[in-house]
Amino acid sequence: MFAAAVRPAALVARRAVFKPARAALAARTLSTSAARRSEHATPQIFGEGAKAGEIPTDENQATGLERLQILGAIEGVEVFDQAPLDSSRIGTLADPIKVFSLEPERIIGCTGSPAESHELLWMNLTSQKNRRCPECGSVYALDNQGAGEHSHEHH
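Reading the values: rules and limits
- Residues numbered from 1 in each chain as written.
- Predicted model: local features only at pLDDT ≥ 70, side-chain atom pairs only at ≥ 80, totals over all residues.
- Heavy atoms only, no water.
- Helix = DSSP H or I, 4+ residues; strand = E, 2+ residues; numbered from the N terminus.
- Buried < 20%, exposed > 50% of the residue type's maximum accessible area, 1.4 Å probe, protein only.
- Contact = heavy atoms within 4.5 Å.
- Areas by Shrake-Rupley, 256 points an atom, 1.4 Å probe, with all protein chains shown as cover.
- Salt bridge = Lys/Arg side-chain N within 4 Å of Asp/Glu carboxyl O.
- Pairing = 2+ DSSP bridges.
- pLDDT = per-residue confidence, 0-100.

Engineer: Go over the overall build of the chain, please, and point to the residues and values.
Structural biologist: Looking only at helices and strands, the chain has three helices and five strands in total. Order of helices (α) and strands (β) in the chain, N terminus to C terminus: α-α-α-β-β-β-β-β. Taken across its 155 residues, the chain has 15% of its residues classed as buried. Restricting the contact set of the chain to residue pairs at least 6 apart, pairs at least 24 apart contribute 37%. Surface accessibility of the chain: about 13,200 Å² in total, with carbon and sulfur atoms responsible for 56%.

Here is the structure:
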């Protein structure tokens, strides 16, 4: 079985020996582009890293959303709202429980009213349609504060 696996590699190696190398004829091209200039400061989503011989801290090496959350905690700002939804009442079609979102979709969890009256049920909530919990009947509506229908574009 090993010989069957090596045989194709051996044939390719033999053919390469008898063919002249074309690498010498190939030419490489180099293209460059000018750096973009803008008056807007770029967001600091990358940490500066640790100096040589030091152990990096979370602040030094964090990137992206984690860095945003760490910098927010340093400033005393709660970047991500992790407070539970209003469970003091049951949302109705006329007066649904509003769920803040910056996107046109959000995943929510319902534990009933009063809180913990049934098992946690996860639901997809969209800006087009309110959702009703199948267990307790509470109605949720998305309060979309984002930019238009989609706050980001896919390419």
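Don't stop here, the text continues.
Engineer: A description of the pattern of salt bridges should follow, citing residues and the corresponding values.
Structural biologist: When charged atoms on two side chains of opposite charge get close, those side chains can pair. Per the stated rule, a full pass over the model turns up one salt bridge. The residue Arg89 makes a salt bridge to Asp95 at a minimum N-O spacing of 3.5 Å. Owing to a relative accessible area of 28%, Arg89 belongs among the partly exposed residues under this scheme.

Engineer: Could you give me a rundown of the sheet that holds strand β4 (residues 131–132), with the residues and numbers involved?
Structural biologist: What the three strands build is an open sheet, ordered β1-β5-β4; its pairing is mixed. A strand with exactly one partner marks an edge of an open sheet, and here the two such strands are β1 (97–101) and β4. Pairing between β4 and strand β5 (residues 139–144): two bridges, direction antiparallel. Its bridge partner being in β5, Arg132 is matched across the sheet by Val139.

Engineer: Describe the environment of Pro84, with residues and values.
Structural biologist: As for its position among the elements, Pro84 is in the loop between α3 (64–75) and β1. Along the sequence, Pro84 and Ile108 sit 24 residues apart, while their C-alpha atoms lie 9.9 Å from each other.

Engineer: I'd like to hear about the confidence of the model for the chain, residue by residue, with values.
Structural biologist: Detail in the predicted coordinates should be disregarded across regions flagged by low pLDDT. Across the chain, the average pLDDT comes to 75, with 66% of residues at 70 or higher. The spread of mean pLDDT over the elements of the chain runs between helix α1 (residues 2–18), the lowest at 50, and β4, the highest at 93. In the predicted structure, residues 1–6 sits below a pLDDT of 50 and forms zero contacts with residues beyond four places in sequence or in another chain.

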